[in-house]
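Spelled out, the chains give:
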Amino acid sequence: MGLFKKKENDGKSSFKCQYCSMTFDEKERMQRHMRKAHSEKGGGDLPSTNPFGFS
């Protein structure tokens, strides 16, 4: 059926994270990854899921 297959990159440019080797099809996804995975405090765009506040 092909519903859950990874889509082929149809000549689109891919964006690579400057800190790790992950690549993304969209620049916005790469920027979100860098903000969440590589920032010091986790980006701040989502509230903490820990209700007690300690790591």
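As the structure is a computational prediction, the values presented were derived from the model and not from experiment.

Engineer: Outline the pattern of salt bridges, supporting the account with residue identities and numerical values.
Structural biologist: Throughout the structure, instances matching the rule amount to 2 salt bridges. For Arg-32, the salt bridge goes to Glu-28, with nearest N and O atoms at 3.2 Å. A residue pair is termed a helical-turn pair when its members lie 3 or 4 positions apart in one helix, as Arg-32 and Glu-28 do in helix α1 (residues 27-38) at 4 residues. Judged by its relative accessible area of 32%, Arg-32 falls in the partly exposed class. The class for Glu-28 is exposed, based on a relative accessible area of 54%.

Engineer: Please give an account of the environment of His-38 that cites residues and values.
Structural biologist: Tracing the backbone shows His-38 in helix α1. Since its relative accessible area comes to 32%, His-38 is described here as partly exposed. Sequence-wise, His-38 and Cys-17 are 21 residues apart; in three dimensions their C-alpha atoms are separated by 9.8 Å. Once residues lying within four places of it in the same chain are set aside, the contact partners of His-38 are Cys-17, Tyr-19, Cys-20 and His-33. Separated by 3.2 Å, the side chains of His-38 and His-33 make a polar contact.

Engineer: Give a detailed account of α1, specifying residues and quantitative values.
Structural biologist: An α-helix turns once every 3.6 residues. As a result, residues three or four positions apart point the same way. Between its first and last C-alpha, α1 extends 16 Å over 12 residues, near the 16 Å set by a 1.5 Å rise per residue. All of the buried residues in α1 are Met-30, His-33 and Met-34. The buried residues of α1 all sit within an arc of 100° when viewed along its axis, so they share a single face. Taken together, the buried residues of α1 touch β1 (15-16) and β2 (23-24).

Basis of the calculations
Within each chain, residues carry numbers counting from 1 in the order of the written sequence. Residue-level local features of this predicted model are given only where pLDDT is at least 70; pairs of side-chain atoms are given and counted only at 80 or more, and the full residue set underlies all totals for whole chains, interfaces and linings. Here the side-chain values reflect all heavy atoms present in the structure, with hydrogen atoms and water set aside. By definition here, a salt bridge exists when the distance from a side-chain nitrogen of Lys or Arg to a carboxyl oxygen of Asp or Glu is within 4 Å. Numbered from the N terminus, helices here are DSSP runs of H or I no shorter than four residues, and strands are runs of E no shorter than two. For each residue, the accessible area found with a 1.4 Å probe, counting protein chains only, is set against the maximum for its type, and the residue is called buried under 20%, exposed over 50%, and partly exposed in between. Any two residues whose heavy atoms approach within 4.5 Å at even a single point are treated as in contact. Contacts described as polar in this section are N or O atom pairs within 3.5 Å, which, within protein, must combine one atom able to donate a hydrogen with one able to accept it, while residues neighboring in sequence count only if both atoms come from side chains. Between the first and last residue of a helix there are one fewer steps than residues, each counted as 1.5 Å, and that sum is the expected span. Arc definition: directions from the helix axis to the C-beta atoms.

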